[in-house]
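# Reading the structure
Each chain, written out:
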Amino acid sequence: MKNILRILFIAAFVGSVLFGTTSCDNEEFLTVDHYKILEADQMFKSEDDAAKGLVGCYDMFFPGDNADDWNYKPQLFVGCHPTLETQATGWDKQYGNQQWAADDASLNAGWMYAYRAIGRCNVFLAGLEASEEAANWATAELMAGQAKAIRAYFYMWLAQTWGRVPMLAAGETFSNTPDKAAAETDDEMWDFIIQDLKDASLALEWAPQNNELGRCTKGMALSYLGEAYLWKAYKARINGDGDAKSKENIQLAAAALKEVIDDGPYELAPSYSTLWDVGLAWPKEAVFQVVMDMGVGNYSNWDSNAHNFVNFFAGSTNGGGGWGSQYLSWELYFSFEKGDKRRDASMATNPVPELPEDQRSEYCYGYNPFLQQTIGSTADANSFKMNNGGDYAPGIWTIKLWRNQRCQWATPHSPVHFYYKRYSGVMLDYAECLFRLNGGNDATAWDLVNQVRDRAFGNLEVGKAEALTSTFLPYFQQLENINGEYADYVAPTEYPIPFSTETVEVPDAKTYYTADAAGNEYHQAFSGLEVWEVALGQERRKEFNSEWNLKYDLQRSEFLIPHIESNYPKGVGVPNTDVNALTNWHTYREWDFNEKKLVMPIPTNELLRNKLISQNDGY
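The notes below deal with the structure included here. Computed from a predicted model, the values in this text were never measured in an experiment. (Residues numbered from 1 in each chain as written. Predicted model: local features only at pLDDT ≥ 70, side-chain atom pairs only at ≥ 80, totals over all residues. Heavy atoms only, no water.)

### Structural notes on the overall build of the protein
Broken down by element type, the protein carries 18 helices and 12 strands. Relative to a compact globule of 619 residues, whose C-alpha radius of gyration would be 25 Å, the protein shows 24 Å and is just as compact. Each of the three principal axes of the protein carries a C-alpha extent, and together these read 70 × 60 × 50 Å. Relative to its full complement of 619 residues, the protein shows a buried share of 60%. When contacts within the protein are restricted to residue pairs at least 6 apart in sequence, those whose partners lie at least 24 apart make up 73%. When the accessible surface of the protein is split by element, carbon and sulfur atoms take 48% of a total near 23,400 Å². Separation of charge centres in the protein, based on 50 positive and 84 negative side chains, amounts to 3 Å. (Helix = DSSP H or I, 4+ residues; strand = E, 2+ residues; numbered from the N terminus. Rg over C-alpha atoms; globule rule 2.2 N^0.38 Å. Buried < 20%, exposed > 50% of the residue type's maximum accessible area, 1.4 Å probe, protein only. Contact = heavy atoms within 4.5 Å. Areas by Shrake-Rupley, 256 points an atom, 1.4 Å probe, with all protein chains shown as cover. Lys, Arg positive; Asp, Glu negative; His and termini not counted. Charge placed at Lys NZ, Arg CZ, Asp CG, Glu CD.)

As structure tokens, then:
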């Protein structure tokens, strides 16, 4: 099959260039009214054209053909549902009981989309290297570094999700290399990714090229480099390669992450809640993120593929108009300490009569304070769980994603932040390195955990309420004037969850998690784990709930299985076939955790297309 490279100059995109490769069985081009088709090497005749071509690589961070829900599906399914912290009904509930299958459409869409992105990067890198003109460009190295960082990200996502995968190199795409075996070893795969990230970290600066937020930077490359080394260390431990090899990679991870902390421009946002507000895109906490439909007044001015229905996916099915793709567990809800503001910033609940009053949120009990919507339109559905189409699901919804737009068709798409990497994650990853290298009493590691907790309890908001209000309240005030289902909306005079004005004493992390590790009324004891492992695992649950890195962080830190066993013990609660499940908060787990399902099955379509790949063990 002939490989055709097309560069589409689309008038409406004001010079942006999209490019892709075709094959007879898997790709379709974006249909446009006006474009030119140029020769493949035309992209590298000038520095300006090459810069436009690089946009085609970045374009893959946004939803597109064959993956129009990208950034929500399949990321929610593979990055959150397997932790049981998020749950689903209907077709999607298979992701909460390890019953996912190789022919699942979302798995195939994610696999194909990631390899399309990798193919674009490979074509770009091969063309840049072959271009005689590029040798004289001041930005050639910068462009190559960005393309390698993008390629590394998509390979990491594939590796975390499916384990060993085919590693297409520069110039290779699914069109010209339809048959390729998976990497023979974990080391081969991770070394490829690590080399890309090392090259990118050396080529890029801390500030994005041309100060254009959304481009890959040195900080992004180093943060993922640290994570890649942690994955390689994890694989060394579980593959029986020895502690020395694991330690060597942890040391390399620590060096990369320390550079980000010591020299990078990042800091924790003062308010955890505002991370998901429209008022500020790319806060200093954002190491890398995708921003979609961002900006007041832009509801009719987006690219047709730059949005998805995240508010409908995430919204309440009990009065909010949501579709039931995402519920949060009561096990997660009860994991938060009193005073931890991350809970109210993250979730709104049914008005559950059985919920003890001291566990009810002042702001989010039966209510979404950001959209001023009451939860509980169906009185007999206001229990811990609700019947959605014959499936019982916990009556909790994320207000990280169901926050900036109601579920209604006059303005159906919601502005949304999708964080790929936050600075708090870098801090906890570095803490993990220090604990593994120096033991569970490392003071610097515990200080990093306590810094994350200090923000969680609102102490970084103190003295900043006026500035935070002026930045983040105006968006919610203008919702009063949006067309559609907002007739009852009243412009608020203060932020929906008030900012803290006085410092509070935060329980010391080591002290708190020493007690928590022994178990309590909401979870069983974490047997066999050190206190620091419990602290990092439980903090990641609270910090990254409804964020797509959660499952991967818990897995490579070896907390995922203890988390399932202790936070979701088998046989506790009431089976979902029993009507009494509605008033019982426990997630009823009747299945044993299958370690072979730490990775997803290779999609059926890939097995049919690629003669050299075989199915993962366990499927």
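And the narrative resumes.
### Some points on the nonpolar core
Grouped together as the largest cluster of nonpolar side chains are 163 residues, with contacts concentrated most on Trp111, Phe154, Leu158 and Ile193. With residues up to four places along the chain from it excluded, the contact list for Leu158 reads Trp111, Ala114, Tyr115, Ile118, Gly163 and Val165. (Core = buried A, V, L, I, M, F, W, Y, C linked by side-chain atoms within 4.5 Å.)

### Comments concerning the packing of aromatic side chains
Within this structure, the stated rule accounts for 56 aromatic pairs. Consider the rings of Tyr153 and Tyr224, whose centres lie 5.8 Å apart with planes at 70 degrees: the pair is edge-to-face. Taken together, the positions of Tyr153 in helix H4 (residues 140–162) and Tyr224 in helix H6 (residues 218–238) put the pair 71 residues apart, joining distant regions of the chain. We note that Tyr153, like Tyr224, is buried. The aromatic ring of Tyr419 is capped on one face by Arg422, whose charged end is 6.0 Å from the ring centroid. (Phe/Tyr/Trp six-rings, centres within 6.5 Å; stacked < 30°, edge-to-face > 60°. Lys NZ or Arg CZ within 6 Å of the ring centre and 35° of its normal.)

### Some thoughts on the packing of helix H14 (residues 509–516) against helix H15 (residues 531–543)
Running from N to C, H14 and H15 point in directions that differ by 95 degrees, and their axes come no closer than 9 Å. Taken together, the axes of H14 and H15 lie roughly perpendicular to each other. Facing H14, whose interface residues are Lys510, Tyr513, Thr514 and Asp516, H15 presents Val531, Val534, Ala535, Gln538, Glu539 and Lys542. A class-by-class count of the residues in the contact of H14 with H15 yields 4 nonpolar, 2 polar and 4 charged. (Axes fitted to C-alpha atoms, helices over the stretch in contact; angles between N-to-C directions. Parallel < 35°, antiparallel > 145°, perpendicular 65-115°, else oblique. Nonpolar A, V, L, I, M, F, W, Y, C, P; charged D, E, K, R; others polar.)

### Here's the deal with helix H17 (residues 560–567)
An α-helix turns once per 3.6 residues; consequently, residues spaced three or four apart project the same way. Residues Leu560, His563, Ile564, Ser566 and Asn567 constitute the buried set of H17. On the buried face of H17, the contacting elements are helix H9 (330–333), H15 and helix H16 (550–556).

### Re the environment of Asn308
Within the element layout of this structure, Asn308 appears in the loop between strand S4 (286–292) and helix H8 (310–314). Sequence spacing of Asn308 and Ser414 is 106 residues, and the spatial spacing of their C-alpha atoms is 7.8 Å. Once residues lying within four places of it in the same chain are set aside, the contact partners of Asn308 are Pro63, Asp68, Asp69, Trp70, Asn71, Tyr72, Met292, His413 and Phe418.

### Description of the pattern of salt bridges
Following the criterion strictly, the structure yields 41 salt bridges and no others. For Lys148, the salt bridge identified is with Asp199, shortest N-O distance 2.9 Å. Here Asp199 lies in helix H5 (residues 186–203) and Lys148 lies in helix H4, a separation of 51 residues in the sequence. Residue Lys148 is classed as partly exposed on the basis of its relative accessible area of 21%. Given a relative accessible area of 25%, Asp199 falls into the partly exposed group. For Lys258, the salt bridge goes to Asp262, with nearest N and O atoms at 2.4 Å. Of this pair, Lys258 and Asp262 both sit in helix H7 (residues 243–263), 4 residues apart, which is roughly one turn of that helix. (Salt bridge = Lys/Arg side-chain N within 4 Å of Asp/Glu carboxyl O.)

### Focus on the side chain of Gln359
Within the secondary structure, Gln359 sits in the loop between strand S6 (347–349) and strand S7 (367–368). Of the polar contacts made by the side chain of Gln359, one reaches the side chain of Arg343; its length is 3.3 Å. Apart from residues no more than four positions distant in its own chain, Gln359 is found in contact with Tyr333, Phe334, Arg343 and Tyr522. (Polar contact = N/O pair within 3.5 Å; in protein donor to acceptor, adjacent residues only side chain to side chain.)

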